Amino acid sequence: MPFLTAAGRRIEYQQITGPATRPVMVFLHEGLGSVSMWRDFPARCAQRAGCPALIYSRYGYGQSDSLVAPRGPGYLHEEALGALPEILDQLEIERPVLFGHSDGASIALIHAGGAGRAVAGVVALAPHVFVEPEAIRGIAAARHAWETTPMREKLARFHCDVDSVFAGWYDIWTSPEFIAWNIEEFLPGIRCPVLAVQGEQDEYGTMAQLDRIEHGVKQVRQLRLKGCGHSPHRDQAEAVMEAVSKFVLFRPD
């Protein structure tokens, strides 16, 4: 897998070819994710939508450079407004469709609303625009699983430094300074269409996240999925791909 340098860090990435006339779908992973943790979903989704794609592991994840210091409250902003623009420029990607899951969805929304760059669309799966009690409870349950189940061994297959991945995610999300974290200020600046997707059984958030997005963004479609948890692309892959393909094919300028 190739690497590039963004924000002074070595970043692994993967590209999927597709028609040059179609927007590139940029997949932004969750708080414990990586290129390999997406498995084959980006390839299937991009093919269904008829688009090329980019997938990369953010700093601290996958085979990208490991964390050397604790994350701060602005780490998602730094990714959205710093590292992501560098990556897009290096790979000559203009007007992408940003496909983000969880933390990745927050990054996509911040970038679309605050980077001052053209974005063709945002697909936000299980997005966080503010911190809910459900998120803290879900993270506490993940910590328990980390300590009592083979979760660490399973995640280690996808990361070169799995302990720093988990600590980097858990420590910042459960810190007192992160409770007030909120990105609603970026929503009115989003000029592209947004497809916001949430599972009704999401263990990290509620439909209030989609309602806040609906309130702040001009062009929003919602997809609320029954029998679906925090990972709609795994729990309801067919429904997500169908909605995304229709969304990407209809892109009003």
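See above for the structure.
About the thresholds
Residues numbered from 1 in each chain as written. Predicted model: local features only at pLDDT ≥ 70, side-chain atom pairs only at ≥ 80, totals over all residues. Heavy atoms only, no water. Phe/Tyr/Trp six-rings, centres within 6.5 Å; stacked < 30°, edge-to-face > 60°. Helix = DSSP H or I, 4+ residues; strand = E, 2+ residues; numbered from the N terminus. Buried < 20%, exposed > 50% of the residue type's maximum accessible area, 1.4 Å probe, protein only. Axes fitted to C-alpha atoms, helices over the stretch in contact; angles between N-to-C directions. Parallel < 35°, antiparallel > 145°, perpendicular 65-115°, else oblique. Left-handed = near helix turned anticlockwise from the far one by under 90°. Contact = heavy atoms within 4.5 Å. Nonpolar A, V, L, I, M, F, W, Y, C, P; charged D, E, K, R; others polar. Expected span 1.5 Å × (residues − 1). Polar contact = N/O pair within 3.5 Å; in protein donor to acceptor, adjacent residues only side chain to side chain. 1 Å grid on protein atoms, 1.4 Å probe; cavity = no way out; pocket = protein on both sides within 12 Å on 5 of 7 lines; lining within 4 Å. Points joined across faces, edges and corners; volume = space filled by probe spheres on them.

## Some thoughts on the packing of aromatic side chains
Within a pair of aromatic rings, the relevant descriptors are the distance that separates the centres and the angle that separates the planes.
Phase 1 of the analysis: Here the structure, examined in full by the defined rule, presents 14 aromatic pairs.
Phase 2 of the analysis: Aromatic pair W38 and F99: ring centres 6.0 Å apart, planes at 75°, arrangement edge-to-face. Of the two residues, W38 is situated in the loop between β3 (25–28) and α1 (41–49) and F99 in strand β5 (residues 97–101); the sequence distance between them amounts to 61 residues. Across the pair, exposure class does not vary: W38 and F99 are buried alike.
Phase 3 of the analysis: Relative to W181, the ring of W173 has its centre 5.9 Å away and its plane inclined at 55°; by these criteria the two rings are tilted.
Phase 4 of the analysis: Residue W173 is classed as buried on the basis of its relative accessible area, which comes to 2%.
Phase 5 of the analysis: Accessibility expressed as a relative area gives 6% for W181, which makes it buried.

## Topic: the packing of helix α4 (residues 133–148) against helix α6 (residues 162–173)
Phase 1 of the analysis: Interhelical geometry of α4 versus α6 gives an angle of 150° and a closest axis separation of 10 Å. As judged from the angle between their axes, α4 and α6 are roughly antiparallel. Of the two elements, α4 crosses α6, and the hand of that crossing is left-handed. When α4 is examined against α6, the residues A135, I136, I139, A142, R143 and W146 are found in contact with a partner set consisting of V162, D163, F166, W169, Y170 and W173.
Phase 2 of the analysis: Here the residues of the contact of α4 with α6 are counted per class, giving 10 nonpolar, no polar and 2 charged.

## What to know about helix α3 (residues 103–114)
Phase 1 of the analysis: Along its 12 residues, α3 runs 16 Å from first to last C-alpha, staying within 8% of the 16 Å computed at 1.5 Å per residue.
Phase 2 of the analysis: Most of α3 sits inside the fold, with 10 of its 12 residues counted as buried.
Phase 3 of the analysis: Positive backbone phi, at 70°, marks G116, one or two positions downstream of α3.

## So, the environment of Q209
Phase 1 of the analysis: Mapped onto the fold, Q209 is located in helix α7 (residues 208–216).
Phase 2 of the analysis: According to the relative accessible area criterion, Q209 is buried, its value standing at 1%.
Phase 3 of the analysis: Sequence separation between Q209 and A126 is 83 residues; the distance between their C-alpha atoms is 8.1 Å.
Phase 4 of the analysis: Contact partners of Q209, with chain neighbours within four places excluded, come to P127, H128, V129, F130, E132 and Q198.
Phase 5 of the analysis: At 3.0 Å, the side chain of Q209 forms a polar contact with the backbone oxygen of F130.

## As for the layout of surface pockets
Phase 1 of the analysis: The computed volume of the largest pocket comes to approximately 500 Å³.
Phase 2 of the analysis: In this structure, the largest pocket is lined by 23 residues; those nearest its centre are E30, L32, M37, S231 and R234.
Phase 3 of the analysis: Elements with a contribution of two residues or more to the lining of the largest pocket: α4, α5 (151–155), α6 and α8 (232–235).
Phase 4 of the analysis: No other element matches the 3 residues that α5 contributes to the lining of the largest pocket.
Phase 5 of the analysis: Counted by class, the lining of the largest pocket contains 10 nonpolar, 5 polar and 8 charged residues.
Phase 6 of the analysis: Of the volumes computed, that of the second largest pocket is approximately 390 Å³.
Phase 7 of the analysis: Considering each element in turn, the lining of the second largest pocket owes the most residues, 8 residues, to helix α2 (residues 75–90).
Phase 8 of the analysis: Counted by class, the lining of the second largest pocket contains 15 nonpolar, 2 polar and 6 charged residues.

## Considerations on the environment of Q201
Phase 1 of the analysis: Looking at the secondary structure, you find Q201 in the loop between β7 (194–199) and α7.
Phase 2 of the analysis: Counting along the chain gives 29 residues from Q201 to H230, while the straight-line C-alpha distance between them is 7.3 Å.
Phase 3 of the analysis: Excluding anything up to four places from it in sequence, Q201 contacts K226, G227, C228 and G229.
Phase 4 of the analysis: Reaching out from Q201, the side chain makes a polar contact with the backbone nitrogen of G227 at a distance of 2.8 Å.

No statement about biological role is implied by the geometric values presented.
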